[in-house]
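# Structural features, examined
This is what each chain is made of:
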Amino acid sequence: MKQTEIFWVRTAGLFDRQLMPTVAFYNGYFGGGIGSIVFQTLRESKALAYSTYAYYKQPQKKENHEIVEAYIGTQSDKFKDAVSGMNELLTDLPESKIGVESVRENLLKSLASERITGAGVLLSYLEAQRRGLLADPRRAIFEAIPKLTYNDLKAFHVNKISHKPFTYCIIGDEKDLKDSNLSSFGDIKKVSLSEIFGY
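Rules used throughout
Residues numbered from 1 in each chain as written. Predicted model: local features only at pLDDT ≥ 70, side-chain atom pairs only at ≥ 80, totals over all residues. Heavy atoms only, no water. Helix = DSSP H or I, 4+ residues; strand = E, 2+ residues; numbered from the N terminus. Expected span 1.5 Å × (residues − 1). Buried < 20%, exposed > 50% of the residue type's maximum accessible area, 1.4 Å probe, protein only. Arc of directions from axis to C-beta. Pairing = 2+ DSSP bridges. Contact = heavy atoms within 4.5 Å. Axes fitted to C-alpha atoms, helices over the stretch in contact; angles between N-to-C directions.

## Comments concerning helix α3 (residues 79–91)
Over its 13 residues, α3 runs 18 Å from end to end, which matches the ideal 18 Å to within 8%, given 1.5 Å per residue. All of the buried residues in α3 are F79, A82, V83, G85, M86, L89 and L90. End-on, the buried residues of α3 take up no more than an arc of 160 degrees, which puts them together on one face.

## Quick notes on the pairing of strand β1 (residues 3–14)
Bridge count between β1 and strand β3 (residues 65–75): 10 bridges; the pairing is antiparallel. Within the sheet, the bridge partner assigned to V9 lies in β3 and is E69. As judged from the 5 bridges shared by β1 and strand β4 (residues 167–171), these two strands associate in the antiparallel manner. Its bridge partner being in β4, V9 is matched across the sheet by T167.

## Let's talk about the environment of F25
Considering the arrangement of structural elements, one finds F25 in helix α1 (residues 20–30). A residue is classified by how much of its surface remains accessible, and F25, at 0% relative accessible area, is buried. Setting aside residues up to four positions removed in sequence, F25 forms contacts with V100, V103, R104, L107, I145, L148 and L153.

## A closer look at the sheet that holds β1
Spatial ordering of the open sheet is given by β2-β3-β1-β4, a layout of 4 strands whose pairing is antiparallel. Of all strands in the sheet, those with a lone pairing partner are β2 (51–57) and β4, marking the two edges. With strand direction ignored, the average angle separating the axes of adjacent strands in the sheet is 15 degrees.

Rendered as structure tokens:
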């Protein structure tokens, strides 16, 4: 295929309930939708991606680790620029006052209008129990969102994402991917189709 897909993956610390409001805010601001920094920079401004996202994922169980994931699907000839573009964003978090306020407004509206009904009540309770939570986390998120600022997002980015090692998972046609481009990211391990699919 003429498209190359690149995934960035790394584990962070164990589940931290105190980070839930910041994570919700950060994901909306950084890479969680069409208004996010990642989407606007890599797809809209630089035209380097068919699709792109990045987010910080908290686990469903308190004993599991949090995960950072990023993705970009790009043309093979834009591979190097696309990886460099994402790496720049993973290193330095750009500031957008409009972006911060837009995410804040959207999150507050979403939380205020969301209703858990029927079987969802039980499922929500069990999810909170698995995470060691004694109350619905949406309340803490709703109360914290108005107080969070770009500086909080920046501190989170520096602490959890910036200058941290990532594993790259790259899918594409070998003919279009030069080893010299790949080796600059670290050791290369090529996986065969039989290793992936088992036949």
